[in-house]
Amino acid sequence: QIALGELIDWALIALMIGLVMLTPARYFVDQVRLSLPFLGELEKVIAMHRFFRVMSLVYAVGEHRVESMIRMAADTVSNRAARLDLTNAALAIEDQKTITEAFRRVEFLTAQTQSTIEAAEISGTLENAFEQISEDAGTAMIAKLKYVQPILIRIVMALVLFSTLMALLSIAL
């Protein structure tokens, strides 16, 4: 009876998580994740690292239109809110905007990133700029992960311990 009750509880939790992750509600969850103080910054850096790494590679090949390159790179970003924000740049390119103007529509990019893109567009070194932005984001991501990882491990350990104690308590009573 206890095992069946636990199984039903876990199934309900899995159903709720599935509904959030597979429906339009995920956009709002991802938006909240981006707005969190420290973890949101980590999420943005991860998105920038992925996006600009792919942009660098695709731009080096140069066989596609710029807006399709942006869409292809944006598809690698797992956060839907960040992905939608990045595709605004592709829409701007379709509206005959420059690359600098297009990336100014991406709200979560820093001013430094936007000025790097602007300088690279003027000098004709966008591929190198995209690679540099990706490397900078990767370095920042590693630094943030080294800080966050021990904290998250302790939180998970505490949750497992709490869950185990609650299960033992329910068996004892």
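Residues numbered from 1 in each chain as written. Predicted model: local features only at pLDDT ≥ 70, side-chain atom pairs only at ≥ 80, totals over all residues. Heavy atoms only, no water.

### Topic: helix α8 (residues 126-172)
Consideration 1: Counted at 1.5 Å a residue, the expected span for α8 with its 47 residues is 69 Å, and the 65 Å between its end C-alpha atoms agrees.
Consideration 2: All buried positions along α8 are accounted for by Leu126, Ala129, Phe130, Ile133, Ser134, Ala137, Gly138, Met141 and Val148.
Consideration 3: Those residues of α8 hidden inside the fold are in contact with α3 (39-61), α6 (99-104) and α7 (111-123). (Helix = DSSP H or I, 4+ residues; strand = E, 2+ residues; numbered from the N terminus. Expected span 1.5 Å × (residues − 1). Buried < 20%, exposed > 50% of the residue type's maximum accessible area, 1.4 Å probe, protein only. Contact = heavy atoms within 4.5 Å.)

### A word on the environment of Asn128
Consideration 1: Position of Asn128 among the secondary structure elements: in helix α8.
Consideration 2: On the accessibility criterion, Asn128 (48% relative accessible area) is partly exposed.
Consideration 3: Linking Asn128 and Ala90, residues 38 residues apart in sequence, is a C-alpha distance of 20 Å.

### A closer look at the packing of aromatic side chains
Consideration 1: Tallying each qualifying case throughout the model produces eight aromatic pairs.
Consideration 2: Their ring planes at 35 degrees and their centres at 5.7 Å tell us that Phe52 and Phe130 sit as a pair that is tilted. In this pair, Phe52 sits in helix α3 while Phe130 sits in helix α8, placing the two residues 78 residues apart along the sequence. This pair shows no difference in class: Phe52 is buried, exactly as Phe130 is. (Phe/Tyr/Trp six-rings, centres within 6.5 Å; stacked < 30°, edge-to-face > 60°.)

### Quick word on the packing of helix α2 (residues 25-35) against helix α5 (residues 80-94)
Consideration 1: One way to put it is that α2 packs onto α5 with a least axis distance of 7 Å and a crossing angle of 90 degrees. Viewed along their axes, α2 and α5 adopt a mutual orientation that is roughly perpendicular. Seen from α2, the contacting residues are Arg26, Tyr27, Asp30, Gln31 and Leu34; seen from α5, they are Arg80, Ala81, Ala82 and Leu84.
Consideration 2: Looking at the contact of α2 with α5 residue by residue, the class counts come to five nonpolar, one polar and three charged. (Axes fitted to C-alpha atoms, helices over the stretch in contact; angles between N-to-C directions. Parallel < 35°, antiparallel > 145°, perpendicular 65-115°, else oblique. Nonpolar A, V, L, I, M, F, W, Y, C, P; charged D, E, K, R; others polar.)

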